[in-house]
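# Examination of the molecular architecture
Each chain is listed here by its residues.
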Amino acid sequence: MTPLQEQITALGGVFQAAALVDKLAHSGQVSDAALAYMLKTLLVRNPETTLDVYGGDDLGLRDGYKLLLAVLERETNNLPRESLRYVVSMLSLERQFSRRDDLLEIAGKRIPKIEQQVELYGISSDNIASSFGSLYQDTISTFKQRIQVHGDMRFLQQEATAAKVRALLFAGIRSARLWRQLGGRRWHLLTKRGSMLNELRARNL
């Protein structure tokens, strides 16, 4: 993969998390497969390639790619503004998180324990979403900036749904970290817009 292809894959992970959070907030449901795909990225600690973070392929990022494509094509009428707001917030919170060694240490200690839970319950179980959600609360939620998720309160007030939302936001922040490690910057959405559009269109979305 070229550096640009790797950056788009990681950024697709951020947008995928945002799309799933928006879907959860409004319907109370996402598929176990979609949830598992994103949560697994939180357990990958020493990937050899960018695709290794996503289990070896980017098939689970298609909704994220479509959302990114809509942003780059500036489809103002069809642009999911809430999802875009989540993306911007995740990119910002990742920068804050990366500067906090104390919070990174908390995550570093807790994730192996969650990995052990996965062996018992399975990655898409409510137990795992709850554990990742609690980790999000103890790290990302300590910042003054918070992500306000908008949707149907009948779903958002359910603890299981709220935990999945937090877990997915945490996964999105993990992809944001990868994107930045690969050289991705927010201003690239402007300066590299044309080449990013060409690459996304080549992925036959």
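See the structure above.
### Remarks on the overall build of the protein chain
- Scanning the protein chain from N- to C-terminus turns up eleven helices and zero strands.
- For the protein chain, the sequential pattern of α-helices and β-strands runs α-α-α-α-α-α-α-α-α-α-α.
- A compact globule built from 205 residues should have a C-alpha radius of gyration of about 17 Å, and the protein chain, at 16 Å, falls within 12% of that.
- Projected onto its principal axes, the C-alpha positions of the protein chain cover 45 × 40 × 30 Å.

### Some points on the environment of Gln158
- Examined against the element boundaries, Gln158 turns out to sit in the loop between helix H8 (153-156) and helix H9 (159-181).
- For Gln158, a relative accessible area of 40% translates into the label partly exposed.
- A sequence separation of 35 residues divides Gln158 from Ile123, and the C-alpha atoms of the two residues are 20 Å apart.

### A look at the environment of Met1
- Its place among the elements puts Met1 in the segment before helix H1 (3-27).
- Here the alpha-carbon distance between Met1 and Leu11, two residues ten residues apart in the chain, equals 14 Å.
- Apart from residues no more than four positions distant in its own chain, Met1 is found in contact with Glu6, Thr9, Leu51 and Arg203.

### Focus: the side chain of Glu94
- With respect to the element layout, Glu94 can be found in helix H5 (residues 81-98).
- For Glu94, a relative accessible area of 2% gives the class buried.
- The residues touching Glu94, leaving out its near neighbours within four places in the chain, are Ile173, Ala176, Arg177 and Arg180.

### Some remarks on the packing of aromatic side chains
- Using the criterion set out here, one finds three aromatic pairs in the structure.
- On the basis of an interplanar angle of 20° and a centroid distance of 6.3 Å, the ring pair of Tyr37 and Tyr54 is categorised as stacked. Taken together, the positions of Tyr37 in helix H2 (residues 32-40) and Tyr54 in the loop between helix H3 (50-53) and helix H4 (62-72) put the pair 17 residues apart, joining distant regions of the chain. Taken individually, Tyr37 and Tyr54 each receive the classification buried, so the pair is uniform in this respect.
- Consider the rings of Tyr136 and Phe170, whose centres lie 6.4 Å apart with planes at 90°: the pair is edge-to-face. Note that Tyr136 is positioned in helix H7 (residues 126-138) and Phe170 in helix H9, a separation of 34 residues in sequence.
- A residue is classified by how much of its surface remains accessible, and Phe170, at 4% relative accessible area, is buried.
- Grouping aromatic residues by their ring pairs yields a cluster made of Phe97, Tyr136 and Phe170.

### So, the packing of H7 against H9
- Between H7 and H9, the least distance of the axes is 7 Å, while the angle of their chain directions is 65°. Crossing of H7 against H9: the hand is left-handed. Of H9, the residues touching H7 (which contributes Asp126, Ala129, Ser130, Phe132, Gly133, Leu135, Tyr136 and Gln137) are Ala160, Ala163, Lys164, Arg166, Ala167, Leu169, Phe170 and Ile173.
- Taken together, the residues that form the contact of H7 with H9 break down as ten nonpolar, three polar and three charged.

### Section: the nonpolar core
- Of all hydrophobic cores here, the largest spans 66 residues; its most connected members are Met90, Phe132, Val149 and Phe170.
- Elements that contribute at least two residues to this core include exactly H1, H2, H4, H5, helix H6 (101-121), H7, H9 and helix H11 (193-202).
- Top contributing element to this core by residue count: H1, with twelve residues.
- Those residues in contact with Met90, other than ones at most four positions away along the chain, are Val14, Ala17, Ala18, Ile147, Leu169, Gly172, Ile173 and Ala176.

### Describing the pattern of salt bridges
- What the rule picks out here adds up to 13 salt bridges.
- Taking the shortest distance from any N to any O, the salt bridge between Arg201 and Glu73 comes out at 3.1 Å. Taken together, the residues Arg201 in helix H11 and Glu73 in the loop between H4 and H5 connect sequence positions 128 residues apart.
- For Glu73, a relative accessible area of 27% puts it in the partly exposed group.
- In this structure, Glu105 and Lys109 form a salt bridge, with 3.2 Å as the shortest nitrogen-oxygen distance.

Scoring rules and cut-offs
- Residues numbered from 1 in each chain as written.
- Predicted model: local features only at pLDDT ≥ 70, side-chain atom pairs only at ≥ 80, totals over all residues.
- Heavy atoms only, no water.
- Helix = DSSP H or I, 4+ residues; strand = E, 2+ residues; numbered from the N terminus.
- Rg over C-alpha atoms; globule rule 2.2 N^0.38 Å.
- Buried < 20%, exposed > 50% of the residue type's maximum accessible area, 1.4 Å probe, protein only.
- Contact = heavy atoms within 4.5 Å.
- Phe/Tyr/Trp six-rings, centres within 6.5 Å; stacked < 30°, edge-to-face > 60°.
- Axes fitted to C-alpha atoms, helices over the stretch in contact; angles between N-to-C directions.
- Left-handed = near helix turned anticlockwise from the far one by under 90°.
- Nonpolar A, V, L, I, M, F, W, Y, C, P; charged D, E, K, R; others polar.
- Core = buried A, V, L, I, M, F, W, Y, C linked by side-chain atoms within 4.5 Å.
- Salt bridge = Lys/Arg side-chain N within 4 Å of Asp/Glu carboxyl O.

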